[in-house]
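The lines below spell out each chain.
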2 protein chains.
Amino acid sequence: MKLTINRLALLKVLNTVSVAIEQKSPTPAFLNFKLDMKEDNLEITGSNNDLTIKSSLPVQNEDNIIISDYTCGSTLISAKYLLDIVRKLDSDTLTIEVIDEVIARISDEKSKFQLNSMRSEEYPDLDLSISGKKVMFPCDDFKRIINQVAFAASTKEVRPILTAVNIKAFKDRLEFVATDSYRLSKKIYELSNKDEFEANIPVNSLVIVSKLIEDEDINLNISNNKVVFEFGNTTVYSRLISGDFPKTSRMIPDHYPFVLRVKSSSFIDAMDRVSLLSTEKERIVKLELDADYVEISSKSEQIGSARESVDMFEYSGDRFSISFNEDYVSDAIKACMSEDVIISFAGEMNAFKVSASDDESIVQIITPVRSYY
Amino acid sequence: MKLTINRLALLKVLNTVSVAIEQKSPTPAFLNFKLDMKEDNLEITGSNNDLTIKSSLPVQNEDNIIISDYTCGSTLISAKYLLDIVRKLDSDTLTIEVIDEVIARISDEKSKFQLNSMRSEEYPDLDLSISGKKVMFPCDDFKRIINQVAFAASTKEVRPILTAVNIKAFKDRLEFVATDSYRLSKKIYELSNKDEFEANIPVNSLVIVSKLIEDEDINLNISNNKVVFEFGNTTVYSRLISGDFPKTSRMIPDHYPFVLRVKSSSFIDAMDRVSLLSTEKERIVKLELDADYVEISSKSEQIGSARESVDMFEYSGDRFSISFNEDYVSDAIKACMSEDVIISFAGEMNAFKVSASDDESIVQIITPVRSYY
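The present account deals with the structure reproduced in this document. Residue positions within a chain follow its written sequence, with the count starting from 1. Chains carry letters from A onward and ligands carry numbers from 1 onward, assigned in written order. This being a predicted model, a pLDDT of at least 70 is required before a residue's local features are given, and a value of 80 or more before pairs of side-chain atoms are given or counted; all residues contribute to the totals for chains, interfaces and linings. Side-chain figures throughout are based on the complete set of non-hydrogen atoms in the structure, without hydrogens or water.

A short note on the packing of aromatic side chains
Applied cut-off: For Phe, Tyr and Trp, where Trp contributes only its six-membered ring, two rings pair if their centres lie within 6.5 Å, and the inter-plane angle classes them as stacked under 30 degrees, edge-to-face over 60, or tilted in between. Classification of residues uses two cut-offs on accessible area relative to the type maximum, computed with a 1.4 Å probe and protein chains only: under 20% is buried, over 50% is exposed, and between them is partly exposed. In this analysis the charged atom, NZ for Lys or CZ for Arg, is taken to sit over a ring once it is within 6 Å of the ring centre and within 35 degrees of the ring normal.
Summed over all chains, the structure comprises 18 aromatic pairs over all chains. Between F345(B) and F352(B) the ring centres are 5.0 Å apart and the planes differ by 35°, which places this aromatic pair in the tilted class. You'll find F345(B) and F352(B) in the same group, each marked buried. Among the aromatic side chains, those forming a connected cluster through ring pairs are F137(A), F142(A), F176(A), Y189(A) and F229(A). The ring of F170(B) carries R173(B) above its face, with NZ or CZ at 4.1 Å from the centroid.

See below:
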């Protein structure tokens, strides 16, 4: 195998594929890029077994020669070192040549690197078939959905199912739900489906893909045990999380006697200031509502107290107060992506709802905390 | 004590003074800002005992009112919380008021914070006298000296004296020397002195001061056990490090049969690439010199090898090779602040010298390492 390749084009693909490669692995082959030089393109694969990214570079892109002087073949080259080398060389093109099957020589006019490499047969067999139910999203829609939902998933592996985003396909819409059991985010995306199905996609895979796509449409192919994302020259394969996603509909109250409408950014800033004095990891604030005032406060025996009045609000309901984790409410308000938000309370110890004033497709549910003062 | 103050002016002073305050301290009072509202200025002090920063804000600066509506007095307020509050408030002015001696109320139109505070009598007595030998530097000269010398000091507390920069004053010049025992940086600064003296100033204090000064001249006042830096409205007090600084002159060879002149930036880039393959913490490269070539290489059994030829060089001497820590040579070349550098070798196992082609005031000495291939 031998090829001379445009350095920046190669660097872009290596950066994409490297996202799937971890620093350590029980399978040494997974620390490598797999390079396959074929008749008309170079395929590069990286994997950590749960997530695999494959991306390809054509020999020629319209009138631009990307790869020249090549012979077909494949090899495994250390991801860390190949990425560093391609990043730090400063020439326009570089040459990769495999010698005696176990040495990869990477060179330009000034520099010569020889890396110990592995035979491509040592790479584990991966199921890279593409099958299952297909759904297509414009790039911006996909990014927006992930932005609005992903943060509410759990980051702890204690209950693996909560590290997934649950996708349910109905005839007329998709529903995305994430919850860490203290809060929930639900997004409804309208489109017409042939099939009804459900899948639990690891939130990390969704976040990775939403960062990798640039402006292409994206296809999701969802089968029983994996999801395959296709966009541009890149294919991302992710396992699904098995098990039943919790029934979240019962977390959502159906009657809200206390309804507050506020400016998103000034409400977030006020909570941010008031929660400065909290000592705990969770930044708890108390919200007090009445016809003519909205106040946020916090108190800590050790440090002191803070209180701020919120202006520009509309409130309907009796006098009411509730305490909550400020970060959860901030996250929920940001996810609404709306100038004004409506916060609807069912009672002091009931979950409450944060929603956008101008977008019914997104709903956030948050559990309050007990107030100590 | 009570005062209403311009928020951004206060924030700037708090940021400066907070540099001396640590997150934890055996003396709880040191976790606070000391605020002294006097007749015509507000003095703010922060300290960790070894380093103290005092900065002041005038009541009025030319035509601008900085502080209004004030009564004199002093208090201690938690540095962490006061800084956060002043940073996050969004009004132009704020009011600080001490109530019952142990509560500080910080407020603007919307927000009210009450912080538990301490009486100013609980602040430890600090020696804030200013005495000793005086030396003055223009701001840029001081920053340049610290940039060129500080990096060579030790960061390890094993030999505290090596965490100092040694300053020696002669009638016609100051000499600054720092060494971690593997490398040495020496800067000569010409000026005329009344006195000859020597002091070991903690490198951290010098770096902190060089970051704090903006464009003012700076005065150093060096006495037996402390140095006081004066600039603008700020005074920084630092202990000196006791003990004798090592005699460094014997580290510097006096005869160099092998002399290489190279372009600083391209030589640094080449070393940076070649050292990519080093596994160890120390990035060791080998330099090979002859009349018609200069090559840098590295080798690792596990990973592979790298080799790069350097162009645009001048070399006088026999064929010669030496190995060294790439980071040390990069640091030394950068500290020369010169387009070309001259690297002078005394022998394969002798310390070598890096110097600027156009500036005799700066000299860097580096110890080589044994080469294994």
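Focus: the relation of the copies chain A and chain B
Note the cut-off: Overlaid copies result from least-squares superposition on C-alpha atoms, with residues included only where pLDDT is at least 70 in both. Any two residues whose heavy atoms approach within 4.5 Å at even a single point are treated as in contact.
For the match of chain A to chain B, the screw axis carries a shift of 0.0 Å, the RMSD comes to 0.0 Å, and the turn is 180°. Accordingly, the operation relating the two chain copies is best matched by a two-fold axis. Closest approach to the rotation axis among the C-alpha atoms of chain A is made by Q23(A), whose C-alpha sits 16 Å away. The fraction of interface residues of chain A whose copies in chain B are also interface residues reaches 100%, indicating that both copies meet through the same surface.

Observations concerning the sheet that holds strand 18 (residues 226–231) of chain A
Residues and elements named next belong to chain A. To keep things clear, this is the line we draw: Any two strands with at least two DSSP-identified bridges between them are counted as paired. Per the convention used, a helix needs a DSSP run of H or I reaching at least four residues, while a strand needs a run of E reaching at least two, with both numbered from the N terminus. Lines fitted to the C-alpha atoms define the axes, with helices restricted to the stretch that makes contact. Angles between their N-to-C directions range from 0 to 180 degrees.
One open sheet accounts for 8 strands, arranged 8-2-3-4-19-18-17-12; its pairing is antiparallel. Looking at strand neighbours, the two that pair on one side only are strand 8 (73–78) and strand 12 (133–137), the edges of this open sheet. Averaged over neighbouring strand pairs, the angle between their axes works out to 15° when direction is ignored. One ladder, built from 6 bridges, connects strand 18 with strand 19 (residues 234–239); its direction is antiparallel. Pairing of V227 across the sheet is with S238, part of strand 19.

Quick notes on the pairing of strand 17 (residues 218–222) of chain A
Residue and element names in this part refer to chain A. Burial of strand 17 is extensive: 4 of the 5 residues sit out of reach of the surface. With 5 bridges connecting them, strand 12 and strand 17 associate as antiparallel partners. Looking at the pairing, M136 lines up with N219 of strand 17. As defined by bridge partners, strand 17 adjoins strand 18 across 4 bridges and the pair is classed as antiparallel. Counted as the bridge partner of N219 is E230 from strand 18. Counting the residues in the hairpin turn of strand 17 and strand 18 gives 3 residues.

Focus on the interface of chain A and chain B
Put simply, the test is: Take the accessible area each of two parts loses on contact, using a 1.4 Å probe, and add the two losses: that sum is the buried area. Each reported salt bridge corresponds to a side-chain nitrogen of Lys or Arg within 4 Å of a carboxyl oxygen of Asp or Glu. In protein, a polar contact means a hydrogen-donor-capable atom and an acceptor-capable atom, both N or O and within 3.5 Å, with residues adjacent in sequence counting only if both atoms are side-chain atoms; elsewhere, any N or O pair within 3.5 Å suffices.
Taken together, the contact pairs 30 residues of chain A with 30 residues of chain B. Contact between chain A and chain B buries roughly 2,600 Å² in total, counting both sides, with carbon and sulfur atoms accounting for 49%. Taken together, the links from chain A to chain B amount to 4 salt bridges. Ionic pairing is found between D90(B) and R273(A), a salt bridge with its closest N-O pair at 3.9 Å. Put simply, chain A and chain B have 18 residue pairs in polar contact (both at pLDDT 80 or more) between them.

Focus: the environment of L57(A)
All names here are of chain A. Looking at the element boundaries, L57 is found in strand 4 (residues 51–58). Given the relative accessible area of 8%, L57 is considered buried. As a C-alpha pair, L57 and F176 span 119 residues in sequence and 33 Å in three-dimensional space. If sequence neighbours within four positions are ignored, L57 has contacts with I5, A9, L10, V13, N41, L42, I66 and I67.

Things to note about the pairing of strand 14 (residues 173–179) of chain B
Residue and element names in this part refer to chain B. Most of strand 14 sits inside the fold, with 6 of its 7 residues counted as buried. Both strand 13 (residues 164–169) and strand 14 contribute to a ladder of 4 bridges, which runs antiparallel. In the strand pairing of strand 14, I167 is matched with F176. The antiparallel pairing of strand 13 with strand 14 creates a hairpin that spans 3 residues between the two strands. Note that strand 14 and strand 15 (residues 183–190) share 7 bridges and pair antiparallel. Looking at the pairing, T179 lines up with L184 of strand 15. From the end of strand 14 to the start of strand 15, which pair antiparallel, there are 3 residues, and S181 there has a positive phi angle of about 85°.

Examining the packing of helix 3 (residues 139–149) of chain A against helix 4 (residues 203–212) of chain A
In a packed pair of helices, the relevant descriptors are the angle between the two axes and the axis-to-axis distance. All names here are of chain A. Where we set the bar: Roughly parallel here means an angle under 35 degrees, roughly antiparallel means over 145, roughly perpendicular means 65 to 115, and every remaining angle is called oblique. By convention the crossing between two helices is left-handed if the near helix lies anticlockwise of the far one by an angle smaller than a right angle, and right-handed if it lies clockwise. Here the nonpolar group is Ala, Val, Leu, Ile, Met, Phe, Trp, Tyr, Cys and Pro; Asp, Glu, Lys and Arg are the charged ones; every other residue, Gly included, is treated as polar.
Contact geometry of helix 3 with helix 4 gives a least axis separation of 10 Å together with a crossing angle of 140°. Classified by the interaxial angle, the pair formed by helix 3 and helix 4 is oblique. Of the two possible hands of crossing, helix 3 and helix 4 adopt the one that is left-handed. Touching F142, K143 and I146 of helix 3 are L206, V207, V209 and S210, all from helix 4. Taken together, the residues of the contact of helix 3 with helix 4 sort by class into 5 nonpolar, 1 polar and 1 charged.

Things to note about the sheet that holds strand 22 (residues 293–300) of chain A
Pairing in this open sheet of 9 strands is antiparallel, and the strands run 25(A)-21(A)-22(A)-23(A)-11(B)-10(B)-9(B)-1(B)-7(B) from one edge to the other. The open sheet has two edge strands, strand 25 (320–325) of chain A together with strand 7 (67–71) of chain B, and neither has a second partner. Across this sheet, the average inter-strand angle for adjacent strands is 15°, counted without regard to direction. Strand contacts of helix 6 (residues 326–336) of chain A: strand 21 (284–290) and strand 25 of chain A, with the helix running at about 90° to strand 25 of chain A, the strand carrying the most contacts. The sheet strands contacting helix 1 (residues 7–18) of chain B are strand 1 (2–6) and strand 9 (93–99) of chain B, and the helix crosses strand 1 of chain B at an angle near 95°.

Comments concerning the environment of C72(B)
Residues and elements named next belong to chain B. Among the structural elements, C72 can be located in the loop between strand 7 and strand 8 (73–78). Judged by relative accessible area, C72 falls into the partly exposed class, the value being 36%. Placed 32 residues apart in sequence, C72 and D40 show a C-alpha to C-alpha distance of 9.4 Å. Once you skip the residues sitting within four places of it in the chain, C72 turns out to touch M1, M37, K38 and E39.

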